[in-house]
Amino acid sequence: MEQTKIILDENEMPKQWYNVLTDLPTPLDPPLDPRTKEPLSPATLEPIFAKALIRQEMSDERYIDIPEEILDIYRLWRPSPLYRAHRLEKLLKTPAKIYYKYEGVSPAGSHKTNTSTAQAYYNMKEGTERITTETGAGQWGSALSLACNYFGLECKVYMVRSSFYQKPYRKSMMTVWGANVVPSPSPETEFGRKILEEQPDTPGSLGIAISEAVEDAVAHDNTKYSLGSVLNHVMLHQTIIGAECKRQLEKVEDYPDIIIGCCGGGSNLAGISFEFIKDRIAGKNNVRVIAVEPSSCPTLTKGEYRYDFGDSAEMTPLLKMYTLGHQHVPPAIHAGGLRYHGDSPIISKLCADGFIEAVSYDQNPVFDAAVQFARTEAIIPAPESAHAIRCAIDEALKCKQTGEEKTILFNLSGHGHFDMSSYDMYFNKELA
Ligand SMILES: *Cc1c(COP(=O)(O)O)cnc(C)c1O
């Protein structure tokens, strides 16, 4: 019988993160100081981020050891399972083999705990007492709340207003783990008050919430800020996903031809793909890597590759990335985790250099795929992850046309248990 669930023992869990910066064919364009437009000196970031994370952001070490305290927490849900989607393959009548890595097994329900654990740990080590952050759909806020709880840090979450009201149980979850959650824009920061005055009915955006969280961190000495995607150190922490996948596929003597991830800021895609892109850069494979985004926030497919701010208030460094413009407020779609105007500079560079392709889909075909998946593989996917499923299904259907037996691997970045109202709207034909 062919295996369905490919698991690793605890002692087979990778103990290092992989730093793709050391293998990029040409170096990244550096982040720029927003005032001088000169390359940023690492010291300017110290009021905002833990020093260890700033070092990782610019590290020239190829592999970075994962501290034992972090591995201890990872072991609560890692190694995560890799599944072969036999039933979905059968439904599609495809000769392709479809595998998915399931990151929804983490207590917060997504891959984001891989970096939240690391970020809370390094902050605790350096004496930080409080962490601020933004959250869109709430997955990042939950992941950080969980991690802060473990390392004894206070956690303040600015949650994009549209999600705050659409996803009330995400807020409850963060509260259980001890965080303080407010809708953004909030009256608690200068920038929040300004936006509330100018646009009292705004649904909010990640760009606005980031500005509030950064402003709060800069205003308090004991406080640092934490970002759940986009930055190099976040991509680094997620590489444990791909390292596990590689070992799991070795067990069934397989190797991917196509790797697919949904893309908001790029971290779950980075996580599943960098270990394989490393081999492609070294000329050892010809793997296709596909980033999937919503057509309502088409950063990689329609954005420009240039320097832009990470937030609306122009407080962050300028990053070279694909962007829709930092003032862009995407419509309040159900894949809230994919509503960001920019993208990871590393993912952007790999796209610009032809190592990653990008596609976009509307909400309805994405939910069609989510339901097909839930009815074959049983797991109810997060609307974000369903973008990857849509693309995996389409690639498998292409294989049916051509008769090619390709191996497709996608990242099921999280479950959709807090997104059931979006599924209801889909069934009621109320999705835009
Ligand atoms: C946050 C999130 C995403 C999008 O973020 P990336 O950094 O692009 O991975 C995707 N899926 C889930 C389940 C998320 O929580």
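**Q** For this particular structure, what's the right way to read the environment of proline 294?
**A** Position of proline 294 relative to the elements: it lies in strand S11 (residues 288-294). We classify proline 294 as buried; its relative accessible area is 2%. The sequence separation of proline 294 and glutamine 139 amounts to 155 residues, and the corresponding C-alpha distance is 18 Å. Ignoring sequence-local partners within four residues, the contact set of proline 294 consists of Ile333, Leu338, Ser360, Tyr361 and His387.

**Q** Looking at this structure, I do not really get the site of the ligand. What am I missing?
**A** Taken together, 19 residues sit near the ligand, with Lys112, Ser229, Gly264, Ser267 and Ser413 positioned nearest. Here an oxygen atom of the ligand sits 3.0 Å away from a polar atom, N or O, in the main chain of glycine 265. Relative to its unbound accessible area of 380 Å², the ligand is 98% covered by the protein chains. Taking a 2 Å distance to the grid points as the criterion, the majority of the atoms of the ligand fall inside the largest cavity. Where the shell around the ligand is concerned, the elements lending two or more residues are helix H12 (267-281) and helix H16 (383-402). Looking at the shell around the ligand residue by residue, the class counts come to four nonpolar, 13 polar and two charged. When residues of the shell around the ligand are assigned to domains, at least three map to each of domain 1 (5-13 + 71-109 + 238-427) and domain 2 (17-38 + 49-64 + 111-232).

**Q** What is the right way to read the domain arrangement of the protein from this model?
**A** Quite often, the size of an interface is put as the accessible area lost when its parts meet. According to the domain assignment, the protein contains domain 1 (5-13 + 71-109 + 238-427) and domain 2 (17-38 + 49-64 + 111-232). Averaged C-alpha coordinates put domain 1 and domain 2 at centres separated by 21 Å. Contact residues are listed per partner, giving 55 residues for domain 1 and 56 residues for domain 2. The largest share of the area that domain 1 buries against domain 2 comes from Ala108, Ile346 and Phe418, three residues that together contribute 13% of it. Scanning the region where domain 1 abuts domain 2 turns up two salt bridges. Residue lysine 320 is joined to aspartate 29 by a salt bridge in which the shortest nitrogen-to-oxygen separation is 3.1 Å. Counting every contact that joins domain 1 to domain 2 gives 22 residue pairs in polar contact (both at pLDDT 80 or more). Among the secondary structure elements, those contributing two or more residues to the side of domain 1 that touches domain 2 are helix H2 (68-74), helix H11 (240-251), H12, strand S12 (304-309), strand S13 (318-323) and helix H14 (345-352). A per-element tally of the side of domain 1 that touches domain 2 places H12 first, with six residues. Broken down by class, the residue content of the side of domain 1 that touches domain 2 amounts to 27 nonpolar, 16 polar and 12 charged.

**Q** Hey, could you run me through the environment of glycine 141 in this one?
**A** Take glycine 141: it is sitting in helix H5 (residues 139-150). Considering only alpha carbons, one finds glycine 141 and methionine 174, 33 residues apart in sequence, at a separation of 6.7 Å. Residues in contact with glycine 141, not counting those within four places in the same chain, are Thr135, Val157 and Met174.

**Q** I would appreciate a short explanation of the packing of aromatic side chains in the present structure.
**A** The way to describe two aromatic rings as a pair is by their centre distance and the angle between their planes. Enumeration according to the criterion identifies 15 aromatic pairs in this entry. Aromatic pair tyrosine 74 and tryptophan 77: ring centres 6.1 Å apart, planes at 65 degrees, arrangement edge-to-face. As far as burial versus exposure is concerned, tyrosine 74 and tryptophan 77 are alike and both buried. A centroid spacing of 5.0 Å and a plane angle of 20 degrees characterise the contact between tyrosine 305 and tyrosine 322, whose relative ring orientation is stacked. Separated by 17 residues along the polypeptide, tyrosine 305 in strand S12 and tyrosine 322 in strand S13 bring together distant segments of the chain. Over the aromatic face of tyrosine 18 sits the side chain of lysine 278, whose NZ or CZ is 5.0 Å from the ring centroid. When the ring centre of tyrosine 305 is taken as reference, the NZ or CZ atom of lysine 320 above it lies at 4.6 Å.

**Q** How should I be thinking about the sheet that holds strand S14 (residues 357-361) in this particular structure?
**A** Taken in spatial order, the seven strands of this open sheet run S1-S4-S5-S15-S10-S11-S14, and their pairing is mixed. The open sheet has two free edges, formed respectively by strand S1 (5-6) and S14, since each of these has just one partner strand. In terms of strand pairing, strand S10 (residues 258-262) meets strand S15 (residues 407-412) through three bridges, oriented parallel. Note on S15: the bridge partner recorded for isoleucine 258 is isoleucine 408. Strands S1, strand S4 (82-84), strand S5 (97-102) and S15 of the sheet are contacted by H11, whose axis makes an angle of about 135 degrees with S5. Together, S5, S10, S11 and S15 form the strand contacts of H12, whose direction differs from that of S10 by roughly 160 degrees.

**Q** Quick question: what am I supposed to make of the pattern of salt bridges here?
**A** Close approach of charged atoms lets side chains of opposite charge pair. Enumeration over the complete set of coordinates arrives at 30 salt bridges. Where arginine 75 meets aspartate 72, a salt bridge forms, and the shortest distance between an N and an O atom there is 2.8 Å. Assessed through its relative accessible area of 22%, arginine 75 is described here as partly exposed. One network of salt bridges, with partners in common, ties together Glu10, Glu68, Asp72 and Arg75.

Conventions used here
Residues numbered from 1 in each chain as written. Predicted model: local features only at pLDDT ≥ 70, side-chain atom pairs only at ≥ 80, totals over all residues. Heavy atoms only, no water. Helix = DSSP H or I, 4+ residues; strand = E, 2+ residues; numbered from the N terminus. Buried < 20%, exposed > 50% of the residue type's maximum accessible area, 1.4 Å probe, protein only. Contact = heavy atoms within 4.5 Å. Near = heavy atom within 4 Å. Polar contact = N/O pair within 3.5 Å; in protein donor to acceptor, adjacent residues only side chain to side chain. Areas by Shrake-Rupley, 256 points an atom, 1.4 Å probe, with all protein chains shown as cover. 1 Å grid on protein atoms, 1.4 Å probe; cavity = no way out; pocket = protein on both sides within 12 Å on 5 of 7 lines; lining within 4 Å. Sits in = over half its atoms within 2 Å of the grid points. Nonpolar A, V, L, I, M, F, W, Y, C, P; charged D, E, K, R; others polar. Domains from an automatic or database assignment. Buried area = accessible area lost by both parts, 1.4 Å probe. Salt bridge = Lys/Arg side-chain N within 4 Å of Asp/Glu carboxyl O. Phe/Tyr/Trp six-rings, centres within 6.5 Å; stacked < 30°, edge-to-face > 60°. Lys NZ or Arg CZ within 6 Å of the ring centre and 35° of its normal. Pairing = 2+ DSSP bridges. Axes fitted to C-alpha atoms, helices over the stretch in contact; angles between N-to-C directions.

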